[in-house]
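A closer look at the structure
Given next are the chains, with one letter for each unit.
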Protein chains: 2
Amino acid sequence: MAVTLRDVARLAGVSIKTASNVVNGYEFVKPENRRRVEEALAATGYRPNIGARNLRRGRTGFIALVVPELGIPYFGELASLVITAGREQGWNVLIEQTMATREAERAVLTALGPHMIDAAVISPEALHAEDFAELDPGVPLVMIGEHSVDVRIDHVAIDNVLAARTAVGHLVAIGRRRIAAIGAHPHRGTAALRLAGYHEALAAAGLPQRPELVREALRYHRQNGAEAMAQLLALPEPPDAVFCFNDLLAVGALRSIAERGLRVPEDIAVVGFDNTEEGAYSRPSLTSVAPDKLAIARTAVDLVRRRTGGTDAEFVPEEIQTPFTLEIRESSLPRF
Amino acid sequence: MAVTLRDVARLAGVSIKTASNVVNGYEFVKPENRRRVEEALAATGYRPNIGARNLRRGRTGFIALVVPELGIPYFGELASLVITAGREQGWNVLIEQTMATREAERAVLTALGPHMIDAAVISPEALHAEDFAELDPGVPLVMIGEHSVDVRIDHVAIDNVLAARTAVGHLVAIGRRRIAAIGAHPHRGTAALRLAGYHEALAAAGLPQRPELVREALRYHRQNGAEAMAQLLALPEPPDAVFCFNDLLAVGALRSIAERGLRVPEDIAVVGFDNTEEGAYSRPSLTSVAPDKLAIARTAVDLVRRRTGGTDAEFVPEEIQTPFTLEIRESSLPRF
DNA sequence: CCGGATTTTTACATCGTTGGCACAACGATG
DNA sequence: CATCGTTGTGCCAACGATGTAAAAATCCGG
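What you see is a predicted model, and the numbers here were worked out from it, not measured in a lab.

1. Describing the overall build of chain A
For chain A, the helix and strand inventory stands at 13 helices and twelve strands. For 336 residues, the compact-globule estimate of 2.2 N^0.38 gives 20 Å, and chain A exceeds it by more than 25% at 25 Å. Dimensions of chain A, computed from the C-alpha atoms along their principal axes, are close to 85 × 40 × 30 Å. For chain A, buried positions account for 56% of its 336 residues. Put simply, 71% of the contacts in chain A that link residues at least 6 apart link residues at least 24 apart. Element-wise, carbon and sulfur atoms account for 52% of the exposed surface of chain A, whose accessible area totals about 14,400 Å². Positive and negative side-chain charges in chain A, numbering 37 and 42 respectively, have mean positions lying 6 Å apart.

See the structure below:
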């Protein structure tokens, strides 16, 4: 059924090794033989058995991409780009979903033995620093998005503090004074960073920190945003702007605001994070921090390539910051 | 570095085969030896080398899921479910993106040789019937979503004609008379089916077919929906309702309608297709045909299991219809 | 305590591929 | 013509796991 190199070699009248040499682009093959092998290759439609090749070469050709959930637009879009970037470098990308549970993320670190994949790109949501210390996956790891300061792992992300400060600074610039935040989280590193940026921006503008304006979101889904916003609107003095830690939260917030009969941006300005296409088409369209997802994907895959490149020199974790912009849309237009 | 069965066997003081027998649950192993091997297994943290195992067994344990693009919410959500359903049955799911190009879909059929995967679940967008005839991937194929009548391949989908008729029937029921459709496509099977359902519903209601109310969409993205809607709004007699062939088109349509200052559903009612979460949170929230995505994922994976089960009896393609509902939301509420 | 049946273990070949190495073929050089 | 360096090819082993089948250990009744 399946065509093997042996079949090709037999058809071309050469040894298996010569056929292999042609396939692998080895230089010194007699033109005559090369032609015959190539014809046989074409005639049989030969495809190398990846498993066997990897077994021999000691690599698998797979990298894992560990994300919370593909159904979340940001991760869907990111996965799409990582798959493409990986493909360009000859990798197959295997996607693992953790549903943002610490247990699943730990399991992935453990189970992704050294046999199955050559490296992993992971976007942890619930892992603690000690998890990394205690579970050694045995393959290079590149973290994207999340940031745990005391973990010695390669890391690709935007400057979350600066990004958050920029977003909130923009709200200040359009004249808002009671600026809320949605998305604080007890264990999530990025949440802490974005919250820090939020506080910095308030401080820089001389605005008071009002704890009641900061809402937690245990998951970053639309519903969580809607619930948090509903709570903010129930305050005696509701906010005149809200910075959501991702676009889904913001979309949920928009809905709660609309249900209360308030208008965006006139009554409340809204800024999101991730710049998903969904936000660009929401009503009103959503101002959002726009990480360069393509850069993140490319950089992560590139790191993987370097880490699997073999040089066993002393490991110095890389901390790479990718660019971002603030996409200003209807949800935060100035009042006049 | 990597622990092999040889290491385990040495540590347990038995032969490799005995260790293998324990790992594979072979019955006749002396309890004493079984215990020793199990201890060694635990002590070394052995993980089988999947590639080697598959090489020997002649299977790969992988199935491919071929979709246009993960960044599209419907496919992101579907992929998420297929991965989970596959995992439950012991499969690793490998995702391939085709960006809805015929070329990439053909390439996938060709390249997914029999070595890499055991089967493929494919959601074709641009493939023609003859592509299937001429390219034999050499592994079982299960189609989801798309329907090409004359292809002898397993197929899982909802009844697209009925679903479209239901959606349009609903628009008729709330009193709309000039009902447009967005999403016609020259080569896409599902588009033809949904269009047929649209026509059937109009006919059943005694409404005339107006060709100018049917717009093509070459891709099913938000932007295509927005453009098509803009054209409809430019008609001398614009529609009072529009049936979009997926939620993204509908979201784009909502935006165009809003930009023209018209209201949904008062001026124009909108119905989408796919029931993505994005649609449920859009403003107004989107009435949408809701395929049971979980059922589709489960059924497809189940078919894969049966097809790879080995019985080489005569191949009779299965045609499985999964259930759907119509989720009625704000975008198609009756006028009073 | 032996012959035979049954349970348990082991050696060996094998899956498809590639690296290492020996050797063959070749033209060029002294 | 002998020698040499350069090219090109084929043989063998190996990657890690498992199927086959034979060998070894164990058990049973007589």
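Structure's up, so let's keep going.
2. Points about the UniProt feature "domain: HTH lacI-type" (unreviewed entry) in chain A
The residues that UniProt annotates with the feature "domain: HTH lacI-type" (unreviewed entry) are residues 3-57 of chain A. Along residues 3-57 of chain A, the helical share is 69% and the strand share 0%, with 20 Å between the first and last C-alpha atoms.

3. Things to note about the protein's contact with DNA strand C
Among the 25 residues in the neighbourhood of DNA strand C, the closest are listed as Leu5, Tyr46, Arg53 and Arg56 of chain A together with Asn33 of chain B. Close to the protein, within 4 Å, the atoms of DNA strand C are drawn from sugar and phosphate at a rate of 65%. In this structure, a base nitrogen belonging to DNA strand C sits 3.1 Å away from a side-chain N or O atom of Lys17 of chain A. Between DNA strand C and Ala52 of chain A, the relevant distance is 3.3 Å, taken from a base nitrogen to a main-chain nitrogen or oxygen of the residue. The set of elements that each furnish at least two residues to the surface near DNA strand C consists of α2 (16-23) and α4 (50-57) of chain A together with α2 (16-23) and α4 (50-57) of chain B. Among the elements that line the surface near DNA strand C, the one with the most residues is α4 of chain A, at four residues. Class assignment for the residues of the surface near DNA strand C results in ten nonpolar, seven polar and eight charged.

4. Thoughts on the protein's contact with DNA strand D
In the region of DNA strand D, 25 residues are neighbours, and Phe28 and Asn33 of chain A together with Leu5, Tyr46 and Arg56 of chain B sit closest. Counting only the atoms of DNA strand D within 4 Å of the protein, the fraction contributed by sugar and phosphate is 67%. Within the side chain of Asn24 of chain B, an N or O atom sits 3.3 Å from a phosphate oxygen of DNA strand D. Asn49 of chain B places a polar main-chain atom, nitrogen or oxygen, 3.1 Å from a phosphate oxygen of DNA strand D.

5. Quick word on the sheet that holds strand β6 (residues 179-184) of chain B
Residues and elements named next belong to chain B. One open sheet accounts for six strands, arranged β7-β6-β8-β9-β10-β12; its pairing is mixed. Two strands bound the open sheet, and with one partner strand each, they are β7 (214-216) and β12 (324-327). Across the sheet, the mean angle separating the axes of adjacent strands is 15° when strand polarity is ignored. In this sheet, β7 lies alongside β6 in parallel orientation, the contact comprising three bridges. Note that in β7 the partner of Ala184 across the bridge is Glu216. Sitting on the sheet, helix α8 (residues 160-173) touches β6, β8 (241-244), β9 (269-273), β10 (287-291) and β12, and the angle it makes with β9 is about 165°.

6. Some points on the relation of the copies chain A and chain B
When chain A is brought onto chain B, the operation consists of a screw motion whose angular component is 180° and whose axial shift is 0.2 Å, with 0.4 Å RMSD remaining. Taken together, these values place the two copies in the relation of a two-fold axis. Take the interface residues of chain A: 100% of them recur as interface residues in chain B, which is what a same-surface contact looks like.

7. Details of the interface of chain A and chain B
When the parts of a complex come together, some accessible area is lost, and that lost area is often taken as the interface size. Of the residues lining the interface, 50 residues belong to chain A; the matching set on chain B comes to 51 residues. Between chain A and chain B the total buried area reaches about 4,200 Å² when both faces are included, carbon and sulfur atoms providing 59% of it. Across the contact surface, chain A and chain B share six salt bridges. Among the ionic pairs, Glu96 of chain A bridges to Arg87 of chain B, the shortest N-O distance being 2.9 Å. Of all elements in the fold, only α4, α5 (73-88), β2 (92-97), α10 (222-233), α11 (247-259) and α12 (277-281) of chain A reach the threshold of two or more residues within the side of chain A that touches chain B. In terms of residue count, α5 of chain A provides more of the side of chain A that touches chain B than any other element does, seven residues in total. Taken together, the residues of the side of chain A that touches chain B sort by class into 25 nonpolar, 14 polar and eleven charged.

8. Notes on helix α9 (residues 189-204) of chain B
Residue and element names in this part refer to chain B. In this model α9 runs 23 Å from its N-terminal to its C-terminal C-alpha over 16 residues, within 8% of the 22 Å that 1.5 Å per residue would give. Inspection of α9 places Gly189, Thr190, Ala191, Arg194, Leu195, Gly197, Tyr198, Ala201 and Leu202 among the buried residues, and these make up the whole buried set. If you follow the buried residues of α9, they end up packed against α8, β6, β7, β8 and β9. Directly beyond the C-terminal end of α9, a positive phi value near 70° is found at Gly206.

About the cut-offs
- Residues numbered from 1 in each chain as written.
- Chains lettered and ligands numbered in written order.
- Predicted model: local features only at pLDDT ≥ 70, side-chain atom pairs only at ≥ 80, totals over all residues.
- Heavy atoms only, no water.
- Helix = DSSP H or I, 4+ residues; strand = E, 2+ residues; numbered from the N terminus.
- Rg over C-alpha atoms; globule rule 2.2 N^0.38 Å.
- Buried < 20%, exposed > 50% of the residue type's maximum accessible area, 1.4 Å probe, protein only.
- Contact = heavy atoms within 4.5 Å.
- Areas by Shrake-Rupley, 256 points an atom, 1.4 Å probe, with all protein chains shown as cover.
- Lys, Arg positive; Asp, Glu negative; His and termini not counted.
- Charge placed at Lys NZ, Arg CZ, Asp CG, Glu CD.
- UniProt positions renumbered as here; feature names shortened; annotations may be inferred.
- Near = heavy atom within 4 Å.
- Polar contact = N/O pair within 3.5 Å; in protein donor to acceptor, adjacent residues only side chain to side chain.
- Nonpolar A, V, L, I, M, F, W, Y, C, P; charged D, E, K, R; others polar.
- Pairing = 2+ DSSP bridges.
- Axes fitted to C-alpha atoms, helices over the stretch in contact; angles between N-to-C directions.
- Least-squares fit on C-alpha atoms with pLDDT ≥ 70 in both.
- Buried area = accessible area lost by both parts, 1.4 Å probe.
- Salt bridge = Lys/Arg side-chain N within 4 Å of Asp/Glu carboxyl O.
- Expected span 1.5 Å × (residues − 1).

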